[in-house]
Amino acid sequence: MAGKRPETGQGIDALIDKLKAQLPRYQEASVKQYRDFIQKNVGLFDVPERGKCNRKAAQLRQAGNRLYLEGNYNDALEKFNESICLSENDSDQLGMGYANRSAVYFEKGEYEFALANIELAKKHNYPHKLMPKLLARERNCHDRLQHGQSHGTVPFPPMDINVDVNPKIPFVADGISMKIYKEFGRGLVAEEDFRAGSVILDEKPAVVTNSLSYRYSNCSFCAADFSYSLIPCPGCVSYMYCSERCLQKDKRFSHRFECGIAEKLLNATYVSAIVGPKLFFLGLTLFGDDLDAMMEFCNGESAKGVGDPFELDFNVASELDQFKVLHKAGVYNITVIDFYRRIGAAVNYVVFMKYSPLKELVKTKAQRNFVLNCLLEYTRKGGALLLNTPTGSSTVSQFGSICNHSCDPNAVFSIQSGHIKLALLRPVRKGEQIVVTYGPSWWQPDPNYQSSYTCKCVVCVGRKWVVKRYSLPPGATRQGKELQNALLSRGPSNPEKLILLQQYIERYAPYHPDVQLVDGLKSFHFLLYMLMQFHQQRLDRAKAVEGSCPCCECRRLK
C-alpha cells in the first residue's frame, strides 16, 4: 500500500527512550508508575490534529489520479479515500472523490461498487459541469450489468453454516461448546463428529481495531476492506465506515472518545494497545456511562470466574449481558510483552483523560484508578483474544476468540466484512479441540512468524505426534496427483473442487498427518478460505446494488 506509516507512533518511541534513561528497572514498573511518569511527559503526544481541508483533499485526489493512470488501482483507492476523509463536509471535493473512486471500481469490473460511488457523488455536490461524464459512466455500468458482466451478487457456493445451528446461538453450530484446557485456557471443543468442510461459525465481532496502515482501507467498525464504498467520519479525518449504520454504531461506543484526537492516538500508541480502550468504552457505554455501576460489577463476585458465552441465550441476551461474559475472558499467560501492555494502558489513560470527553465522566480518585486498571486489564485480554486478518484488521469476539492456535489446525478462519467464519479443514471427532493456525503449520512452516506466546500445540510439545511418511495405501499418491491436476485445470467449478477435496480429505483422514497429504491440505485450506471470502464479497455487491441501482435486472444478476 502507498505511503505507509510505522506501526508505532514516534511519541511512544520517545517515551520508552526517556523511561530507559530516567526510570530504574523501567520494564518492571507498575502501570501507575508509568501513568505518573507519562503525565509529566504528556507533551510527547501533543501533536497537532489534521482537520478537513479541501486544498489537501485536492492534492491527495491528484496523487490518486496518477496512481489510477498507472493502473495501480488499490493504492489509488487509498489516496481517494484519504482525500474523501479530508474533504470539507458538503463540498464539491467530497463528490469528486466519490466520482474518482467510481472510476477505479469501473476499471476493476466492480460495477455495483462503481454505481454506489456514483450515487454518493451525486448526493455530495459533484460539480454540475462534470456531470455528463459521470452519467455516461453510470449508463455504462448498467449496460454491462445487464449483459451479465458482474463478479456476482449471489454466493456460489454458499458458505453459510451448513450443519444444525445451536437454537440459543443462531450463529454457532450445534454440537460445539467451550472447554478449559490446562495448556491453553479456554478452547472450542466438538461434542459430536463433524465432516471436513463443515462451516460451524458465522459471528460478528465485538470489537475491531485497524492497523495504522489501513485506516483508509478498512471500515473502522466492522473491518470491511474495500468491499464497500467507505464513507468518512464527518468530524475527523482518520476514520472511515462501510455504511451509515457502522458509523453510528462506532460513534455510540468508542468513536465519540476518539474523534478529533486521532493524530495524538496514532503518535501515542501501537496497534494492539488500542483494543484496551475500545473494550473499556464498549462496557462503559453499555453501563450507560455510569462508572460507579461498571465499578460495582467489575469489583463484584459476578465478574469472577471464566466467561462461557455458550451459557447465554443470544436470542434474548442483552448487549450488557454479552459484555459481562466477554469481560470474564481469561488471560492465562502474561509474558515479557506485558511491559508493552502496561505502557500502552498508561499512555492511553493519559491521552484519553487529557484530550477526550472521558475526563468529564471521571471525577474521583477511585474512578481514576478504576479506569487505569480497566484499561490495563482489557489491553491484556484484548491482546490475548485478537484475531488478525491479512487486510490489516484485528477482531475480538465472543466465540471466534476462544479458538486456539495449533501448528496442526483442523479448522480455517475467514474475517471479512464484519463476519468471522470458521470452517473445518478435516474431520473433527467428538471430544477433539477445534483449532486454527495463526501463521505456521506443520505442512507450511513459517520461520519468520513471531508471537508473544510459547506454542504448546501437539506439534510443538506432543511426543506422540509425529509426521507419518508414505503410509497411505496404494493408489492414494496417484489420486492425489490427479486431484492436483484437476484443481489446476479450468474444468471443475469451485463447488466441484470443494467436493473433490472434501472427499479426498475424508477418505484419507485416518492417515493424518502424512507428508503425502500436504498438497491436499494446502489446497483445501486455501479453497475454504477463498470461498468464505468470496461469499461475503458477493453479499457486499448485493448490498451495493440495493443501495444504488434501481434496475430490476441488476438485482437478479448471479
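Here, every reference points to the structure presented above.
What comes next is a walk through the structure.

Each value, and the rule that gives it
- Residues numbered from 1 in each chain as written.
- Predicted model: local features only at pLDDT ≥ 70, side-chain atom pairs only at ≥ 80, totals over all residues.
- Heavy atoms only, no water.
- Helix = DSSP H or I, 4+ residues; strand = E, 2+ residues; numbered from the N terminus.
- Rg over C-alpha atoms; globule rule 2.2 N^0.38 Å.
- Buried < 20%, exposed > 50% of the residue type's maximum accessible area, 1.4 Å probe, protein only.
- Contact = heavy atoms within 4.5 Å.
- Pairing = 2+ DSSP bridges.
- Disulfide = S-S within 2.5 Å.
- Patch = residues over 30% accessible without salt bridge, like charges linked within 9 Å, V, L, I, M, F, W, Y side chains within 5 Å.
- Areas by Shrake-Rupley, 256 points an atom, 1.4 Å probe, with all protein chains shown as cover.
- Salt bridge = Lys/Arg side-chain N within 4 Å of Asp/Glu carboxyl O.
- Lys, Arg positive; Asp, Glu negative; His and termini not counted.
- Charge placed at Lys NZ, Arg CZ, Asp CG, Glu CD.
- Phe/Tyr/Trp six-rings, centres within 6.5 Å; stacked < 30°, edge-to-face > 60°.
- Lys NZ or Arg CZ within 6 Å of the ring centre and 35° of its normal.
- Axes fitted to C-alpha atoms, helices over the stretch in contact; angles between N-to-C directions.

## Some remarks on the overall build of the protein chain
Along the protein chain, the regular secondary structure elements total 20 helices and 14 strands. Against the compact-globule benchmark of 24 Å for 558 residues, the protein chain has a radius of gyration of 25 Å, which places it among compact chains. The principal-axis extent of the C-alpha atoms belonging to the protein chain is close to 70 × 65 × 45 Å. In the protein chain, which comprises 558 residues, the share counted as buried stands at 57%. A separation of at least 24 residues holds for 73% of the contacts in the protein chain among residues at least 6 apart in sequence.

## Structural notes on the sheet that holds strand E11 (residues 404-405)
In space, the 4 strands of this open sheet follow the order E3-E4-E14-E11, with mixed pairing throughout. The sheet is open, and its two edges are formed by strand E3 (176-181) and E11, each paired on a single side. Two elements, E3 and strand E4 (residues 185-190), share 6 bridges in a ladder whose sense is antiparallel. Across the sheet, the residue bridging to Lys179 is Gly187, located in E4.

## A closer look at the state of the cysteines
Applying the stated rule across the entire model yields 0 disulfides. Of all cysteine sulfurs, the one in Cys236 lies closest to Cys85, which takes part in no disulfide; the gap is 7.1 Å. Lacking any disulfide linkage, Cys460 is separated from the closest cysteine sulfur, that of Cys455, by 3.6 Å.

## Observations concerning a negative patch on the surface
On the surface, Asp164, Asp174, Glu191, Glu192 and Asp193 cluster together into a patch of negative charge. Here Asp193 shows up in the loop between E4 and strand E5 (199-203).

## Regarding the packing of aromatic side chains
Two descriptors summarise a pair of aromatic rings, namely the distance from one centre to the other and the angle between the planes of the rings. Taken as a whole and judged by the stated rule, the model has 19 aromatic pairs. Relative to Phe281, the ring of Phe257 lies with its centre 4.1 Å away and its plane at 10°, an arrangement referred to as stacked. Residue Phe257 is located in helix H8 (residues 244-258), and its partner Phe281 is located in helix H10 (residues 275-286); the two are separated by 24 residues in the primary sequence. Summarising the burial analysis for this pair, Phe257 and Phe281 share the class buried. Pairwise contacts between aromatic rings join Tyr26, Tyr34, Phe339 and Tyr340 into one cluster. Above the plane of the ring of Tyr355 lies Lys264, whose end atom (NZ or CZ) is 5.0 Å from the centre.

## A look at the pairing of strand E14 (residues 433-436)
Side chains Gln433 and Val435 of E14 all project onto a buried face; the interleaved residues Ile434 and Val436 project onto the opposite face, where all are buried too. Alignment of E4 against E14, held across 2 bridges, turns out to be antiparallel. Residue pairing for E14: Leu188 is matched across the bridge by Ile434. Across 2 bridges, E11 lies against E14 in parallel orientation. Along E14, the bridge assignment pairs His405 with Val436.

## Thoughts on the sheet that holds strand E10 (residues 393-396)
Strand order across the open sheet formed by 3 strands is E6-E10-E9, with antiparallel pairing between neighbours. In this open sheet, the two edge strands, each paired with only one partner strand, are strand E6 (207-210) and strand E9 (387-388). Where H10 meets the sheet, it contacts E6 and E10, and its direction lies at approximately 150° from that of E6.

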